[in-house]
Amino acid sequence: MRKVLSNKWHIMVFVLPTVLFFTFFVIIPIAMSAFYSTLNWTTKTKPTLEYFVGFKNYIDMFTAKGSSFPDAVRHSLLYAGASVFLQLPFSLLLALLLARGVKAESFYRNIYFIPVILSSVVVGQLWRKIYNNDYGLLNLFLRAIGAETPKGGWLANKGTRLWATFVPVLWQYVGYHMLLMYGALKSISPDILEAATVDGATGPIMAFRIQIPLIRPMLKVCLSFSLIGSFKLYDMVKILTDGNIGTEVPATTMYREMFKSHNFGTGSAMAMFIVAECLLFTVLLNIIFKDRDRERSR
Amino acid sequence: MKKFVATMLALLLCLSVVPALADQHEEVTLTFGSIWSSESEATRAPFLKTLEEFAEQYPWIHVEVDWNEANAWKDKGDTLASQNAMPDVFYWNAGGILKAMVDQGQVMALNDYLDDETLGRLIDGALANMTFDGKIYGLPYTNACSVLYCNKALFEANNVKIPETWDELKAAVEAFKAAGVTPMTTGGGDRWPTNMLGDILMLRFAGDEAFRKAVFKLEGGTFLDEGLIAGANAFAELVEMGAFPDDVAALTRDESEVPWHDGKVAMYVMGQWEGGNLADKEDFIAVAFPAVPGVDSANAFMGGPAEEFAVAAYTEHPEEAYLLCQFCAENLSKNGYLSGAGLPCWKADFSEYEDQIAPITRQIVALTNEATSFLLWGNTALEGEDSELLMDQTLLLLSGEITGDEFCQNMEAIFE
């Protein structure tokens, strides 16, 4: 085996199918989108160099009168913030609690994970019912305790519609991140935890000084998934509000631009922006974590 | 003699085989992209009946129906079109929405298949919204129009007059509000039902000519027309009066129709197909949307042949696909009318079916018989981003986030 793998040609043969697959289904479509994004391509024009407009589509999607893309980007950044600062800490808290060995640990672990296995359509419809003005659980509860409900309903009120759209997504994936972190926590050697306990570490000290530093690689994975998921968010927004004004995110705006307004060039530019945004944040995360790792190793 | 008889018998045998051979067709399977996935859709039953009739008449053509919810089909259709993967025959809207599909090379022109006899069976102007540069890209199955449906029982119970003018409509809204009844509803989240309401208000306040110029972007067209601004402001006034449920802007059409069908809402602006849902309910009637005194638009209607069946440009069986398209359009026109889900746009003798036609359908027919004009709905007449802008702005009006003046100002962008 070692002999086979020492030959670079052999390695190439093994890697080739994946490289071809990746090239045809990832690299080429992205390259084509990049090309389309420089064209004035609508139903009345063709995707040819004759309609080349350079970076005009990229400028237009941010500056054109009435363009909702800047709002969509702002919304996705807000969602990313909520994911990083609300969803992940909450998932970590749950993971830490479960990993400590609470009663019915596996029951709770499964319960928290159930929303993840549900289809987004089901979760979206479920939350539409929860938000309903007349029979929704949320309003029934608020009315029961004498609190006010938002005028226009949760999904239409100017002040609540954006967060009412984000909450179901945050809720749905708490279990996913929790499970990843829980798995990492469980893989920490009991010897380390025992030694820390002997040294007097309990509760928060154990969590912050021992457990969290030891699951940093998994936290990085969760952070990456969370950020990338935020930038390409689509399905839940589509189901809850159809991406109507005030709740648009880049993917819903891109979809409308392409398939409803039939501006395929501008839509492709939006798609490229989403790809670039995901890549940029992934690289940034890698840099940040590498720097931290270097500092720690010093 | 024996030889002669034997020859004649053989000849007879050969002749009897000829028609049998002629009747043999190659088995063909066609796909059909349809809406009406929900059992509650009024057009579903007549469409199924039409498909059964087609299967009887053309047993060698098998039809695989892809059922969709109306809004979902628009999304799916646009996505399929981007991959040149439209079904052989499909439902689509007419006007600008169809034009965009035609411009993408997705729709087959039917001129080569349509003969004068078939065209003669269509009502006048039926193909106007599906003909571009002389080419016919679809066949309508209904003559559409939006009307004001009223829950007569609620009007009588609360002693409110069925509104015939704009002022009476406002009075009715006030009266129902005072009685704790939801005056009107619409599916804001889906946008197009709200657009239907905005359209009829602007038509009533501005008249057909001004609104037609605006939505078809004709010479001299502008949304800054006084009548159109008044219409948009009238919409804003209804919102301010609290004519709609509190969460109307978030409701889908299906969600908004639940309390309406349960008899908890007094009025609803919707297309003629809603008549099919109300056909067996005596409490409901259809009337023309209230008139605006001083404006000659009382009998102008939004609608006309606005929905059709079309054939994909790249279908492998164009002849069979045309047969399916034409058969379904003509027969659904009849079956839809008989079930109360539509108004016929193909000429047919309905005298033997008179007692089958629901009273609410007769009311709609009576209204359209008085029609002075039909104007395609704004979101259907306008293309692509203009249509999107109209629906977005109408939703903002419904949410109370912009005024009628701002709506018209923002809509001017379609002329830039």
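Residues numbered from 1 in each chain as written. Chains lettered and ligands numbered in written order. Predicted model: local features only at pLDDT ≥ 70, side-chain atom pairs only at ≥ 80, totals over all residues.

Peer 1: Give me the lowdown on the overall build of chain B, citing residues and values where you can.
Peer 2: Check the secondary structure of chain B and you find 17 helices and 13 strands. Against the 2.2 N^0.38 benchmark of 22 Å for 416 residues, chain B shows a C-alpha radius of gyration of 24 Å, consistent with a compact globule. When the backbone C-alpha atoms are referred to their principal axes, chain B occupies close to 100 × 50 × 35 Å. For chain B, the proportion of its 416 residues judged to be buried stands at 53%. (Helix = DSSP H or I, 4+ residues; strand = E, 2+ residues; numbered from the N terminus. Rg over C-alpha atoms; globule rule 2.2 N^0.38 Å. Buried ≥ 20, exposed ≤ 12 C-beta atoms within 10 Å, placed from the backbone.)

Peer 1: So, the sheet that holds strand E1 (residues 28-34) of chain B: which residues are in play, and what are the values?
Peer 2: Residues and elements named next belong to chain B. Strand order across the open sheet formed by 5 strands is E2-E1-E3-E12-E6, with mixed pairing between neighbours. At either margin of the open sheet sits one strand with a lone partner, and together these are strand E2 (61-67) and strand E6 (139-140). Where E1 and strand E3 (residues 89-93) come together, 2 bridges link them in parallel fashion. Bridging across to E3, Phe-32 finds its partner in Val-89. Seen against the sheet, helix H13 (residues 318-339) touches E1, E2, E3, E6 and strand E12 (307-311) and runs at an angle of roughly 165° to E12. (Pairing = 2+ DSSP bridges. Contact = placed C-beta atoms within 7 Å. Axes fitted to C-alpha atoms, helices over the stretch in contact; angles between N-to-C directions.)

Peer 1: Help me get a handle on the interface of chain A and chain B, residues and values and all.
Peer 2: Contact residues are listed per partner, giving 21 residues for chain A and 24 residues for chain B. Counting residues per element, the side of chain A that touches chain B draws most heavily on helix H13 (residues 250-260) of chain A, at 3 residues. Among the residues making up the side of chain A that touches chain B, the classes are represented as 4 nonpolar, 10 polar and 7 charged. (Nonpolar A, V, L, I, M, F, W, Y, C, P; charged D, E, K, R; others polar.)

Peer 1: Please set out the domain arrangement of chain B residue by residue, giving values where relevant.
Peer 2: Residues and elements named next belong to chain B. Examined at the domain level, chain B breaks down into domain 1 (27-143 + 305-348) and domain 2 (146-302 + 371-415). If you average the C-alpha positions of domain 1 and of domain 2, the two centres end up 28 Å apart. Counting residues at the interface gives 18 residues for domain 1 and 16 residues for domain 2. Sorting elements by how many residues they give to the side of domain 1 that touches domain 2 places helix H4 (residues 95-103) first, with 5 residues. By residue class, the composition of the side of domain 1 that touches domain 2 is 7 nonpolar, 10 polar and 1 charged. (Domains from an automatic or database assignment.)

Peer 1: I'd like to hear about the packing of helix H4 (residues 69-99) of chain A against helix H8 (residues 161-186) of chain A, residue by residue, with values.
Peer 2: Residues and elements named next belong to chain A. Relative orientation of the contacting elements H4 and H8 amounts to 40°, with a least axis distance of 7 Å. The angle between H4 and H8 falls in the class oblique. The interaxial crossing formed by H4 with H8 has right-handed handedness. (Parallel < 35°, antiparallel > 145°, perpendicular 65-115°, else oblique. Left-handed = near helix turned anticlockwise from the far one by under 90°.)

Peer 1: An account of helix H9 (residues 208-215) of chain B is needed here, citing residue identities and associated values.
Peer 2: Residues and elements named next belong to chain B. Turning to H9, its buried residues number three or more, namely Ala-210, Phe-211, Ala-214 and Val-215. For H9, the arc enclosing every buried residue in end-on projection is 120°, short of the 170-degree limit, so these residues lie on one face. Where the residues of H9 are buried, they touch helix H8 (192-206), helix H10 (226-241), strand E13 (373-375) and helix H15 (378-381). One or two positions beyond H9, positive phi appears at Lys-217, with a value near 50°. (Arc of directions from axis to C-beta.)

Peer 1: Help me get a handle on the pairing of strand E7 (residues 144-151) of chain B, residues and values and all.
Peer 2: All names here are of chain B. Extensive coverage of E7 is indicated by the burial of 8 of its 8 residues. Going residue by residue along E7, you find Ala-144, Ser-146, Leu-148 and Cys-150 tucked away on one face and Cys-145, Val-147, Tyr-149 and Asn-151 tucked away on the opposite face as well. For E7 and strand E11 (residues 300-304), the ladder comprises 2 bridges, and the chain directions are antiparallel. Residue pairing for E11: Ala-144 is matched across the bridge by Gly-304. Both E7 and strand E9 (residues 265-271) contribute to a ladder of 5 bridges, which runs antiparallel.

Peer 1: Please give an account of the nonpolar core that cites residues and values.
Peer 2: Within the largest apolar cluster, 183 residues are counted, with the highest numbers of intra-cluster contacts made by Ala95(A), Tyr149(B), Leu228(B), Phe309(B), Leu324(B) and Cys325(B). Counting residues per element, this core draws most heavily on H8(A), which supplies 13 residues. When neighbours within four sequence positions are excluded, Phe309(B) is seen to be in contact with Val89(B), Phe90(B), Tyr91(B), Gly138(B), Leu139(B), Tyr141(B), Cys325(B), Cys328(B) and Ala329(B). (Core = buried A, V, L, I, M, F, W, Y, C linked by C-beta atoms within 7 Å.)

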